[in-house]
Amino acid sequence: MDFALNDDQRAIQDAARQFAEAELAPHSAEWDETKHFPVDVMRLAAEMGFCGIYTAEEHGGMALGRVEAALIFEELSRGDVSTAAFISIHNMATWMIDSFGSDDLRVRYVPRLTTMELIASYCLTEPGSGSDAAGLRTTAKRDGDHWVLNGSKAFISGAGTSDVYVVMARTGGDGPKGISTFVVEKDTPGLSFGAQEKKMGWNSQPTAIVAFDDCRVPAANLLGKEGDGFRYAMMGLDGGRLNIAACSLGGARLALETTQAYVTTRKQFGKSLSDFQNTQFKLADMATQLEACRLMVLRGAWAIDTNHPEKTKWCAMAKRMATDACFQIADEALQLHGGYGYLKDYPLERIVRDLRVHRILEGTNEIMRVITAREMLRQ
């Protein structure tokens, strides 16, 4: 068992780190404050290949593995959690079109998605179906050469700005086998967007309801086979959960590094905070948690890359552990800063706000426990 990265992986990691330090970190606080969606900077990320990480090379992707993706997203999120998380969603949607779309769909969309000429959103969650994703009620009915969509999706990152929406809708009976996936363009008649949500975090990306009112989508925009859409969505989420876990790693790592520097200079009772054993124990626990989470994420990534039969369980376990523990690391880092941690002069309060939602999206951590237990009991 070799835990060392190879030369290519180290080079990819270094490139992502340098990009994050130059293009993301200097603007993170401003983007959060002004709720700016940095499309121009994300297109620079696309020039580095970061918007088609595990998409095939045929249409402009890097064709890397999920291990490399985890390394990239940890580094990008150390620069800015919210923007890195959106890039991860764009990657997931792009991969779904590239993996399951017809040759025509792939040619039409994937080259422009990997360059981020087009921006993509993933549309599964609905106002009435969150954790019960297979209970979605958005419908798609065949009408000649079109499918007519009616319903709505909630909490959609990129809504109103994205050009392409990967949408799960019901084409058949109840349950997951009645769900299909469609590629819907922004200017399609009948597609509209709600007001932008006012959120605790993730402020550098727009979030809104996506609504379908007799939205006519060409039949050619059906992704893969009718009735297979929920399976595609879940396959996308295996990787998406690891991406979000990796984004938690980056945010927590920045919080820990910031705190380590702070406690060596901050003095109380005549000595540095780092001289107190209580502080040392906290730092040791935070570092241990972070390293354990990274190992879990990389094992989940390896499982997808090798198509391991337990990949879904390991991805769920990694997502649950990393997003819970990394939020706790960030919260502990804020605590060690005292009142200063609560101020926007330091990145801690922003990291805490941004990481909190990772325990909810891509499947709540309660659902991660359901998946893990279900997979265990099948054996």
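Note: the structure precedes this text.
I will try to describe carefully the structure that is included in this document. Predicted model, so just to flag it, every value in this text is computed and none were measured.

A closer look at the overall build of the protein
Move 1: Of regular secondary structure, the protein possesses eleven helices and ten strands.
Move 2: Over its C-alpha atoms the protein spans a radius of gyration of 21 Å, differing by no more than 12% from the 21 Å that the globule rule assigns to 379 residues.
Move 3: Overall, the C-alpha framework of the protein stretches about 80 × 50 × 40 Å when taken along its three principal axes.
Move 4: Restricting the contact set of the protein to residue pairs at least 6 apart, pairs at least 24 apart contribute 73%.
Move 5: When the accessible surface of the protein is summed, it comes to about 16,300 Å², and 52% of that surface belongs to carbon and sulfur atoms.
Move 6: Side chains of the protein carry 41 positive and 50 negative charges; the gap between the two charge centres is 6 Å.

Topic: the nonpolar core
Move 1: Counting residues in each nonpolar core, the largest one holds 95 residues, and the members touching the most others are Leu76, Met96, Ile97, Tyr122 and Val297.
Move 2: Ranked by the residues each element gives to this core, the list is headed by helix α7 (residues 229–265), at 16 residues.
Move 3: Excluding its chain neighbours within four sequence positions, the residues that come into contact with Leu76 are Ala16, Phe19, Ala20, Leu24, Phe50, Ala84 and Ile87.

Looking at α7
Move 1: Taking 1.5 Å of rise per residue, 37 residues should cover 54 Å, and α7 covers 54 Å from first to last C-alpha, within 8% of that figure.
Move 2: The axis of α7 is deflected most strongly, by about 25°, at Asp238.
Move 3: Within α7, 29 of the 37 residues are buried, leaving the element largely enclosed by the surrounding structure.

Side note on unusual backbone geometry
Move 1: The backbone of Met116 shows a phi angle near 65°, a positive value even though the residue is not glycine.
Move 2: Its place among the elements puts Met116 in the loop between α6 (103–114) and β1 (120–123).
Move 3: Exposure remark for Met116: the relative accessible area of 0% places this residue in the buried category.

Focus on the pattern of salt bridges
Move 1: In total, this model carries 28 salt bridges according to the counting rule given.
Move 2: When the shortest N-O distance is used, the salt bridge between Arg294 and Glu74 registers 2.7 Å. Here Glu74 lies in helix α4 (residues 66–79) and Arg294 lies in helix α8 (residues 277–305), a separation of 220 residues in the sequence. The pair formed by Arg294 and Glu74 is uniform in burial state, with each residue classed as buried.
Move 3: Arg253 is the partner of Glu257 in a salt bridge, and the nearest nitrogen-oxygen pair spans 3.2 Å. Within this pair, Glu257 and its partner Arg253 are both found in helix α7, separated by four residues, close to a single helical turn.
Move 4: By relative accessible area, which is 33% here, Glu257 ends up partly exposed.

Digging into the packing of α7 against α8
Move 1: Between α7 and α8, whose axes approach to 10 Å, the crossing angle comes to 160°. Put simply, α7 runs roughly antiparallel to α8. The element α7 and its partner α8 pack so that their crossing is left-handed. Taking contact as the criterion, the partners of Asp238, Gly239, Leu242, Ala245, Ala246, Leu249, Ala252, Arg253, Leu256, Thr259 and Val263 in α7 are, on α8, Thr279, Leu283, Met286, Ala287, Leu290, Cys293, Arg294, Val297, Gly300, Ala301 and Ile304.
Move 2: Class assignment of the residues belonging to the contact of α7 with α8 gives a composition of 15 nonpolar, four polar and three charged.

Examining α8
Move 1: For α8, spanning 29 residues, the distance from its first C-alpha to its last is 42 Å, which sits close to the expected 42 Å at 1.5 Å a residue.
Move 2: Those residues of α8 that fall on the buried side of the exposure criterion are Thr279, Leu283, Met286, Leu290, Cys293, Arg294, Met296, Val297, Gly300, Ala301, Ala303 and Ile304.
Move 3: Packing partners of the buried residues in α8 comprise α4, α7 and α9 (311–336).
Move 4: Once α8 finishes, Asn307 follows within two positions and takes phi at roughly 55°, a positive value.

What counts, and at which threshold
- Residues numbered from 1 in each chain as written.
- Predicted model: local features only at pLDDT ≥ 70, side-chain atom pairs only at ≥ 80, totals over all residues.
- Heavy atoms only, no water.
- Helix = DSSP H or I, 4+ residues; strand = E, 2+ residues; numbered from the N terminus.
- Rg over C-alpha atoms; globule rule 2.2 N^0.38 Å.
- Contact = heavy atoms within 4.5 Å.
- Areas by Shrake-Rupley, 256 points an atom, 1.4 Å probe, with all protein chains shown as cover.
- Lys, Arg positive; Asp, Glu negative; His and termini not counted.
- Charge placed at Lys NZ, Arg CZ, Asp CG, Glu CD.
- Core = buried A, V, L, I, M, F, W, Y, C linked by side-chain atoms within 4.5 Å.
- Buried < 20%, exposed > 50% of the residue type's maximum accessible area, 1.4 Å probe, protein only.
- Expected span 1.5 Å × (residues − 1).
- Bend = angle between axes of the 7 residues up to and from the residue.
- Salt bridge = Lys/Arg side-chain N within 4 Å of Asp/Glu carboxyl O.
- Axes fitted to C-alpha atoms, helices over the stretch in contact; angles between N-to-C directions.
- Parallel < 35°, antiparallel > 145°, perpendicular 65-115°, else oblique.
- Left-handed = near helix turned anticlockwise from the far one by under 90°.
- Nonpolar A, V, L, I, M, F, W, Y, C, P; charged D, E, K, R; others polar.

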